[in-house]
Amino acid sequence: MGKLIIVGTPIGNPDDISVRALNYLKEAKHIVAENPDVFKTFINGLGLDKSDANIMYSKTWPEYIGEEPIVNDVLELLFNGEDVYVVCDGGMPGIADPGGLLIRECIKRNIPVVSTPGPSVIASAAVSTGCDNGFTFLGFLPKDQMIRLTSLKRFCSNPLPNLYLLINQKDYFIEAMDDLIKIWGDRNGALCYNLTTSRESIVYGKLSFLKEHWLNHFVDDNEAMLVIDSISGNMVLPPKP
């Protein structure tokens, strides 16, 4: 029986790769990656030649395909004693990135799953905004408004700060922020961009301010992490300049 090995990769700073992750990628014969161009750039940047490896792509962007088409191929390899390594475009597979479906299918079949720690935008956002007494990560704020409103109503009284990923899409962002303010009120929060990179930026303020700031400064940037204060209002904000 082979092992499904989850390999955490750098979010944006290649220097964040661990020795263990690098060694795994060197030895990997079967790899599940997210998108071809991103993976090739990543591998080339590490100076690795994986031209002889069996690379299977889940291709989640720009058109979602997901993991389902390759699940059976991966399971067959694992049952034949081959290890399969899973990487995403950056960060930890299975946390708001491909990997979760494969992990669950392996657990059902008692196939070993090994997780290699790696950079996490979630942990980085929580640490950088002072969420040291716990937080709730809620994944991507849903695109569908009905699903989004249901989720927001469920967690509006959460005693812990809430962390959401936001897709870089203007209409979605405006509607999502408007729904947040409508259901949760104009709470304090923080928008985190490009964490771990040289362009890292964190902006604090009321949700209405964060909405306007994003529209004025980051509309063409990558997806952001939104940290929202708890119902108890414990988030510490920096002094105004």
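Values in this document were obtained by computation on a predicted structure and should not be read as measured data.

The rules we used
Residues numbered from 1 in each chain as written. Predicted model: local features only at pLDDT ≥ 70, side-chain atom pairs only at ≥ 80, totals over all residues. Heavy atoms only, no water. Helix = DSSP H or I, 4+ residues; strand = E, 2+ residues; numbered from the N terminus. Rg over C-alpha atoms; globule rule 2.2 N^0.38 Å. Buried < 20%, exposed > 50% of the residue type's maximum accessible area, 1.4 Å probe, protein only. Contact = heavy atoms within 4.5 Å. Areas by Shrake-Rupley, 256 points an atom, 1.4 Å probe, with all protein chains shown as cover. Lys, Arg positive; Asp, Glu negative; His and termini not counted. Charge placed at Lys NZ, Arg CZ, Asp CG, Glu CD. pLDDT = per-residue confidence, 0-100. Axes fitted to C-alpha atoms, helices over the stretch in contact; angles between N-to-C directions. Parallel < 35°, antiparallel > 145°, perpendicular 65-115°, else oblique. Left-handed = near helix turned anticlockwise from the far one by under 90°. Salt bridge = Lys/Arg side-chain N within 4 Å of Asp/Glu carboxyl O.

**Some details on the overall build of the chain**
No. 1: The helix and strand tally for the chain stands at 8 helices and 10 strands.
No. 2: For 241 residues, the compact-globule estimate of 2.2 N^0.38 gives 18 Å, and the C-alpha radius of gyration of the chain, at 19 Å, lies within 12% of that figure.
No. 3: Overall, the chain is about 55 × 35 × 35 Å in size when its C-alpha atoms are taken along their principal axes.
No. 4: The buried share among the 241 residues of the chain stands at 46%.
No. 5: A separation threshold of at least 6 residues defines the contact pool for the chain, and within that pool the share at least 24 residues apart is 74%.
No. 6: Accessible surface computed for the chain: about 12,400 Å², of which carbon and sulfur atoms make up 51%.
No. 7: Treating the 21 positive side-chain charges of the chain as one cloud and the 30 negative ones as another, the clouds have centres 5 Å apart.

**Some details on the confidence of the model for the chain**
No. 1: Within the chain, residue pLDDT values average 87, and 95% of them lie at 70 or more.
No. 2: When mean pLDDT is compared element by element in the chain, strand β4 (residues 84-86) scores highest at 95, while strand β10 (residues 224-228) scores lowest at 85.

**Describing the packing of helix α3 (residues 71-79) against helix α4 (residues 100-108)**
No. 1: As a packed pair, α3 and α4 sit with axes 11 Å apart at the nearest point and diverge in direction by 45°. By the criterion of interaxial angle, the relationship of α3 to α4 is oblique. Crossing hand, α3 versus α4: right-handed. On α4, the residues touching Val71, Val74, Leu75 and Leu78 of α3 are Leu101, Leu102, Glu105 and Cys106.

**Re the pattern of salt bridges**
No. 1: A complete count under the given rule lists 5 salt bridges for this structure.
No. 2: When the shortest N-O distance is used, the salt bridge between aspartate 179 and arginine 148 registers 2.8 Å. Remark: arginine 148 occurs in helix α6 (residues 145-155) and aspartate 179 occurs in helix α7 (residues 170-184); sequence separation between them is 31 residues. Arginine 148 carries the same exposure label as aspartate 179, and that label is buried.
No. 3: Salt bridges sharing common partners tie together Glu105, Lys108 and Arg109.

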